[in-house]
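Understanding the architecture of this molecule
For reference, the chains in residue letters:
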Amino acid sequence: MTTTTLSAAFPGGVGLTRLKVYEWETADGVCGGSPHMHTASTEAYFVLAGTGRVETIRSSGYESYDLAPNDLLWFSPGTIHRLVNDGDLEILAIMQNGGLPEAGDAVLTFDSDVVADPVRYARAASLTGGSPSDSLQDAARFRRDAALAGYQRLKEAAIAGEGEYLAKFHQDAVRLIQWRVPEWKSLWEETVAPESQRTADWLKELAQGQASHFANATVARSEANSPGTIFGMCGTLQKWDKGHAL
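First, a word on scope: everything that follows refers to the structure included in this document. Note that this is a predicted model, so its numbers are computed, not measured. (Residues numbered from 1 in each chain as written. Predicted model: local features only at pLDDT ≥ 70, side-chain atom pairs only at ≥ 80, totals over all residues. Heavy atoms only, no water.)

Looking only at helices and strands, the protein has six helices and twelve strands in total. The C-alpha radius of gyration computed for the protein amounts to 20 Å, which stays within 12% of the reference 18 Å derived for 246 residues, consistent with globular compactness. Principal-axis analysis of the C-alpha atoms gives the protein an extent of 60 × 35 × 35 Å. In the protein, buried positions account for 39% of the 246 residues. In the protein, the proportion of contacts linking residues at least 24 apart, taken out of those at least 6 apart, comes to 75%. Counting every atom, the protein has about 13,100 Å² of accessible surface; 55% of that belongs to carbon and sulfur. Averaged over its 21 positive side-chain charges, the protein has a centre that lies 3 Å from the centre of its 31 negative ones. (Helix = DSSP H or I, 4+ residues; strand = E, 2+ residues; numbered from the N terminus. Rg over C-alpha atoms; globule rule 2.2 N^0.38 Å. Buried < 20%, exposed > 50% of the residue type's maximum accessible area, 1.4 Å probe, protein only. Contact = heavy atoms within 4.5 Å. Areas by Shrake-Rupley, 256 points an atom, 1.4 Å probe, with all protein chains shown as cover. Lys, Arg positive; Asp, Glu negative; His and termini not counted. Charge placed at Lys NZ, Arg CZ, Asp CG, Glu CD.)

Pairs of packed helices are described in terms of their axes, by the angle between the two and the distance that separates them. Direction vectors running N to C along helix 5 (residues 181-191) and helix 6 (residues 193-207) enclose 30°, while the axes themselves pass 4 Å from each other. With respect to each other, helix 5 and helix 6 are oriented roughly parallel. Contacts between helix 5 and helix 6 involve Trp188, Glu189, Glu190 and Thr191 from the first element and Ala193, Pro194 and Glu195 from the second. Split into classes, the residues belonging to the contact of helix 5 with helix 6 amount to three nonpolar, one polar and three charged. (Axes fitted to C-alpha atoms, helices over the stretch in contact; angles between N-to-C directions. Parallel < 35°, antiparallel > 145°, perpendicular 65-115°, else oblique. Nonpolar A, V, L, I, M, F, W, Y, C, P; charged D, E, K, R; others polar.)

The residue Arg144 is located in helix 3 (residues 136-159) in this model. Leaving out residues up to four positions away in the same chain, Arg144 has contacts with Trp24, Glu25, Thr26, Gly32, Gly33, Ser34 and Pro35.

It is worth spelling out the environment of Phe75 at this point. In this fold, Phe75 is placed in strand 6 (residues 72-75). With relative accessibility at 5%, the residue Phe75 sits in the buried group. It is 6.5 Å that separates the C-alpha atoms of Phe75 and Ala44, two residues lying 31 residues apart in sequence. In contact with Phe75, not counting residues within four places along its chain, are Ser41, Thr42, Glu43, Tyr45, Val54 and His81.

Written as structure tokens, this is what we have:
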């Protein structure tokens, strides 16, 4: 048996994360994660267990969607989303462009003066930028609460029909991540784009009655990146990415 590292474990270059949503109570009396949005990737939530909801804010306004086992909900870039945990909510998050979110594609909904300042934003978003005495759990909870404070202002404005507040957040978010785009483009070209080209090559062969790619058929296994607890934006995480051929 030979073992080789695959360029991407999942077709299309997607990323998978198993997410146990935080049970920490928030200022508005519910439990859940850190509100945020993605700037270049669509995300999907498949509910494995428990109940809850996703609150969203986009140009059309504020909405809330209930979540129960086997529900599947996805949202495209520019959709601010907040996970609320009504009880034992566990989700499989499926992320387009696996690798971009880890490279800064997600923008947390901190207060507008923080999002407008790259240095302050980086400090607020980091789990290691606080007091040395803080545990990672404390830091994750503090970050969640800071994102929620800014989110509540966005939510109130959306409900009131004041779209300019969301428009400003969008503008600030773009300025915040703009310098990262060349890095993202290179990452996308190395990981995601080849997946599309590979399919195009397969279709061309099949249309010609050929199938040389069948000779390279592969079975692969992926292990979770870390066996321990990872504190993410919305809960504790287990992530998978690269796999090994069997």
